Amino acid sequence: MRRYLLPLLLAAAVAACTPTAGTERVTAGESVDIASAGAQFSVQRAQNGVIRPLGYSPALQAAAEAHAQYLSRTGGFSHTGSGGSSAMNRVRRAGYQPCLVAENIARGQPDIRTLLSDWMASPDHRSNILNPQLTQYGFAQAGSAWVLVLARPC
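This structure is a prediction, so every number in the text was calculated from the model and none was measured.

**Some thoughts on the sheet that holds strand 4 (residues 145-153)**
Item 1. As summarised here, the arrangement of the four strands in space is 1-3-4-2, forming an open sheet in which the pairing is mixed. Since the sheet does not close on itself, it has two edges, and those belong to strand 1 (55-56) and strand 2 (98-107), each with one partner.
Item 2. Where strand 1 and strand 3 (residues 136-142) come together, two bridges link them in parallel fashion. Bridge pairing links Tyr56 to Tyr137 in strand 3.
Item 3. Packed onto the sheet, helix 3 (residues 58-74) meets strand 1, strand 2, strand 3 and strand 4 and runs at close to 25 degrees relative to strand 3.

**Examining the packing of aromatic side chains**
Item 1. Per the stated rule, a full pass over the model turns up five aromatic pairs.
Item 2. Seen from their ring centres, Phe41 and Tyr137 are 6.3 Å apart, and the 70 degrees between their planes marks the pair as edge-to-face. Placement of Phe41 in helix 2 (residues 34-47) and of Tyr137 in strand 3 is noted, with a sequence separation of 96 residues between them. Neither residue differs from the other here; Phe41 and Tyr137 are each classed as buried.
Item 3. Seen from their ring centres, Phe139 and Trp146 are 5.7 Å apart, and the 25 degrees between their planes marks the pair as stacked.
Item 4. Three or more aromatic residues link up through ring pairs in this structure, and these residues are Phe41, Tyr56, Trp119, Tyr137, Phe139 and Trp146.

**Some details on the side chain of Asn104**
Item 1. Turning to its location among the elements, Asn104 is positioned in strand 2.
Item 2. A distance of 3.3 Å separates the side chain of Asn104 from the backbone oxygen of His125, its partner in a polar contact.
Item 3. Not counting residues up to four positions away in its chain, the partners in contact with Asn104 are His79, Trp119, His125, Asn128, Ile129, Trp146, Val147 and Leu148.

**What about the pairing of strand 3?**
Item 1. In terms of residue burial, strand 3 counts as a mostly covered element, since six of its seven residues are buried.
Item 2. Sheet topology note: the strand 3/strand 4 ladder contains seven bridges and is antiparallel. Bridge assignment links Gly138 to a residue of strand 4, and that residue is Val149.
Item 3. Hairpin connection of strand 3 to strand 4: two residues between the antiparallel strands, including Gly143 at a positive phi of 60 degrees.

**Structural notes on the pattern of salt bridges**
Item 1. Applying the stated criterion across every chain, the model contains one salt bridge.
Item 2. Glu103 serves as the salt-bridge partner of Arg90, at 2.9 Å between the closest nitrogen and oxygen. Taken together, the residues span a long stretch of sequence, with Arg90 in helix 4 (residues 87-93) and Glu103 in strand 2 at a distance of 13 residues. Here the two residues Arg90 and Glu103 agree in accessibility, since each one is buried.

**Observations regarding the environment of His79**
Item 1. Mapped onto the elements, His79 comes out in the loop between helix 3 and helix 4.
Item 2. In this structure His79 comes out as partly exposed when scored by relative accessible area, which is 37%.
Item 3. Separated by twelve residues in the primary sequence, His79 and His67 place their C-alpha atoms 8.4 Å from one another.
Item 4. Among residues more than four places away in sequence, those in contact with His79 are His67, Ser85, Ser86, Ala87, Arg90, Glu103, Asn104 and Ile105.

Rules and cut-offs
Residues numbered from 1 in each chain as written. Predicted model: local features only at pLDDT ≥ 70, side-chain atom pairs only at ≥ 80, totals over all residues. Heavy atoms only, no water. Pairing = 2+ DSSP bridges. Helix = DSSP H or I, 4+ residues; strand = E, 2+ residues; numbered from the N terminus. Contact = heavy atoms within 4.5 Å. Axes fitted to C-alpha atoms, helices over the stretch in contact; angles between N-to-C directions. Phe/Tyr/Trp six-rings, centres within 6.5 Å; stacked < 30°, edge-to-face > 60°. Buried < 20%, exposed > 50% of the residue type's maximum accessible area, 1.4 Å probe, protein only. Polar contact = N/O pair within 3.5 Å; in protein donor to acceptor, adjacent residues only side chain to side chain. Salt bridge = Lys/Arg side-chain N within 4 Å of Asp/Glu carboxyl O.

Limitation: the analysis is restricted to geometry and does not speak to function.
Given below as C-alpha cells:
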C-alpha cells in the first residue's frame, strides 16, 4: 500500500500546480497573474460605479501578448504595431469579433499596482478601464512593456 501512496501524492501535487482557467501566466516569460490583474481592474470599475466585472478572453490575451512582445522587442511605445497594425487589427487577427476595442499601453512600471495607479491617473487610460461597454480583457507584460486590451464582442 505504501508503494502506491508516494506516486499518488506526487500526482496530486502536480495536479494542484496546474492553473485553473483564467489564472494562466503570461507566456512572455513574465509573472503577471492574469486573474489577479482582472480582479484589480474590476475592483477599480466597481469603486467607480461600474458593477459588471471584466471577463477574461484568451483571444484578447493573445492580442495583448503579441503587442507587448512587439513593444519589448522593438523598444517602441505606440498603439501601432507590427506591419502598421491597430489594436482592432490585432484583436481580429487573434480570432475575436469585436464591436468595440480599447488598448492601454505603458512602459517602465515596476509592478501592477504602480501601473494601475498610473493608468487611473490618466484620463484616457482611466476612461478605457471604466468604460462599461467594454466587457472583456487580455493583459500582458513583456520586458518593461505592459498592454491591456479591452473589448466587447458583437
